[in-house]
Amino acid sequence: MKGKEVIIGVTGGIAAYKAAELVRLLVKDDILVKVAMTKSATKFVTPLTFEALSGERVIHDMFGQEGTVIDHIHWGQESDLIIIAPATANFIGKMAHGIGDDFLSTCVLAATAKTLVCPSMNTRMFENPAVQENLSLLKRRGFIIMEPGQGALACGTEGPGRLPEPDEILEQAKRLLSDQDLSGLKILVTAGPTTEPIDPVRYISNRSSGKMGYALAKAAARRGAEVILVSGPTCLNPPPGLGFCPVITAEDMRRSVFENRPGCDIIIKAAAVSDYRPRDCAVQKIKKGAESISLELVKNPDILAELGSTIEGSPSVLVGFAAETENLIANAEKKLKAKSLDMIVANDVSRKDAGFETDTNMVKFIYRDGHIDDSPLMTKDKVADLVLDRAKALREAVLEG
Ligand code: PMT
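Calculation criteria
- Residues numbered from 1 in each chain as written.
- Predicted model: local features only at pLDDT ≥ 70, side-chain atom pairs only at ≥ 80, totals over all residues.
- Heavy atoms only, no water.
- Pairing = 2+ DSSP bridges.
- Helix = DSSP H or I, 4+ residues; strand = E, 2+ residues; numbered from the N terminus.
- Contact = heavy atoms within 4.5 Å.
- Axes fitted to C-alpha atoms, helices over the stretch in contact; angles between N-to-C directions.
- Salt bridge = Lys/Arg side-chain N within 4 Å of Asp/Glu carboxyl O.
- Buried < 20%, exposed > 50% of the residue type's maximum accessible area, 1.4 Å probe, protein only.
- Phe/Tyr/Trp six-rings, centres within 6.5 Å; stacked < 30°, edge-to-face > 60°.
- Lys NZ or Arg CZ within 6 Å of the ring centre and 35° of its normal.
- Domains from an automatic or database assignment.
- Buried area = accessible area lost by both parts, 1.4 Å probe.
- Polar contact = N/O pair within 3.5 Å; in protein donor to acceptor, adjacent residues only side chain to side chain.
- Nonpolar A, V, L, I, M, F, W, Y, C, P; charged D, E, K, R; others polar.
- Parallel < 35°, antiparallel > 145°, perpendicular 65-115°, else oblique.
- Left-handed = near helix turned anticlockwise from the far one by under 90°.

K.L.:
Could you give me a rundown of the sheet that holds strand β2 (residues 32-37), with the residues and numbers involved?
P.N.:
An order of β2-β1-β3-β4-β5 is seen for the five strands of this open sheet, with the pairing classed as parallel. At either end of the open sheet lies a strand with only one pairing partner, and these are β2 and β5 (144-145). Examined bridge by bridge, strand β4 (residues 114-119) and β5 share two bridges and lie parallel to one another. Of the residues in β5, the one forming a bridge with V117 is I145. Its contacts with the sheet place helix α1 (residues 16-28) against β1 (5-10), β2 and β3 (81-87), and it is angled at close to 175 degrees to β1.

K.L.:
Break down the pattern of salt bridges for me, citing the residues and quoting the values.
P.N.:
Scanning the entire structure with this criterion turns up 26 salt bridges. With its nearest N and O atoms 2.6 Å apart, the salt bridge here joins K94 to D101. By relative accessible area, K94 is classed as buried at 10%. With a closest N to O distance of 2.7 Å, E306 and R254 form a salt bridge. Of this pair, E306 sits in helix α12 (residues 303-310) while R254 sits in helix α11 (residues 250-260), placing them 52 residues apart in sequence. For R254, a relative accessible area of 26% gives the class partly exposed. Look at the salt bridges and you will find they share partners, linking D181, R223, D385, D389 and K392 into a network.

K.L.:
Would you mind going over the packing of aromatic side chains in detail, with residue names and values included?
P.N.:
Applying the stated criterion across every chain yields a total of two aromatic pairs. Ring geometry for W75 versus F103: centroids 5.3 Å apart, planes at 85 degrees, classification edge-to-face. Separated by 28 residues along the polypeptide, W75 in helix α4 (residues 71-78) and F103 in helix α6 (residues 103-110) bring together distant segments of the chain. The class of F103 is buried, set by a relative accessible area of 1%. The lysine or arginine in question, R254, covers the ring of F258, its NZ or CZ lying 5.2 Å from the ring centre. Across from the ring centre of F365, 4.4 Å away, lies the NZ or CZ of R390, which sits over that ring.

K.L.:
Explain the domain arrangement of the protein to me, using residue names and the numbers behind them.
P.N.:
Considered domain by domain, the protein is made up of domain 1 (5-177) and domain 2 (186-283 + 294-400). In this structure, domain 1 and domain 2 have C-alpha centres spaced 38 Å apart. Between domain 1 and domain 2, the residue contacts involve five residues of the former and six residues of the latter. Interface of domain 1 and domain 2: buried area, both sides summed, is about 580 Å²; carbon and sulfur atoms make up 45% of it. Counting the surface domain 1 buries against domain 2, the share from its top three residues, E171, K174 and R175, is 83%. Put simply, domain 1 and domain 2 have one salt bridge between them. Of the charged contacts, one joins E171 and R222 as a salt bridge, the two residues approaching to 3.1 Å between their closest N and O atoms. For the pair domain 1 and domain 2, the interface holds two residue pairs in polar contact (both at pLDDT 80 or more). When its residues are assigned to classes, the side of domain 1 that touches domain 2 shows no nonpolar, no polar and five charged.

K.L.:
Which residues make up the packing of α11 against α12, and what values do they have?
P.N.:
When two helices pack together, their arrangement is captured by the angle between the axes and the distance separating the axes. Following both chains from N to C, one finds α11 and α12 inclined at 30 degrees, their axes separated by 10 Å at the closest point. Judged by the angle between their axes, α11 and α12 are roughly parallel. The two elements α11 and α12 meet at a crossing, and its hand is right-handed. Residue-level contacts link A250, M253, R254, V257 and F258 of α11 to I303, E306, L307 and T310 of α12. Residue classes in the contact of α11 with α12 are distributed as six nonpolar, one polar and two charged.

Spelled out as structure tokens, the structure:
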């Protein structure tokens, strides 16, 4: 996201503290962040907090700060996106009715950048027809409104009105800042491990955290694709704005993949599917007794191989991953051929900084024609974009015949 510029407009609500985390996340993504605060916002969080996090001057007083004479005009015209978070009922009303009585409201009035509004207030206030009509008016005028979260609010009530979590706002912001080069495509991604039950309290699984698959799903959605994420059990939150299908076993994953396959343009299988499962799952917890016991395992369906054997003639591009601890290229090439894939992404999972559980990965892209493409060690988010660039090119080549 280097080269992008975002303005965070903080208005006076209790959720103003969450805007600090949002600024931190945006800066971490190499985005230049400028913060403008209303006077009441400064009662909740000090400008110094935002200054320290953004490394930029924070404007909170139209006339009281040096060098701000026409900043309210420049800021919204030079930035790529304005995010109002939290957006109070009062500030939403001002935006809807063209009121410009402080730095932030005049900045929004003069802006040419897209504006993302993240409402946050008491449920009754949020449901008040005046606020709802103001939000509808803003929507009709092209403002992007994020639905507030549900749950316990600071005022003690329950219902809609919570500021969406900073990582959700970040994801929405990244979508608005990204080229929509995958728009019109349906992409299915699998992620995480599968777990195969032994008895009600034990299972066989593997070390997949889901990070690689979730990075792929998020990047595809950010770039405008319709995304279905079929995920085994992980500790990650389902990314907003995509079709999320949670599964547990390889059989569940197979069912979900084939149910969602119709109409898919690209399928990417980053999940680590258990190759075997216990023949029987004990109804009760197996008791400790004998010195040794045996567990009979039977083969699980190979979902990718089944997809590969039935995908011929359709325009879908099929991408697999290979997790190897030795003979990376030779083993991955075998899987590419055996499963009739268009491309396989091979990762050496014996490395400490790649493969399972890490935030980084180092992969080789191996194609059907034998061509191999290398990538250096990078974040899984960046690897995800490289995988999608290549899958998109393969899809275009298929369509061109
Ligand atoms: O989740 P993370 O912690 O971020 O880790 C990422 C990862 C290491 C899991 C990921 O980068 C990766 O390599 N995923 C594939 C892991 C794997 O199971 O590889 P494999 O070589 O055993 O399988 C080859 C391919 O066949 C995979 O695309 C797999 O999804 C698919 N497969 C395998 C077995 C099976 N029964 N059905 C399948 O569809």
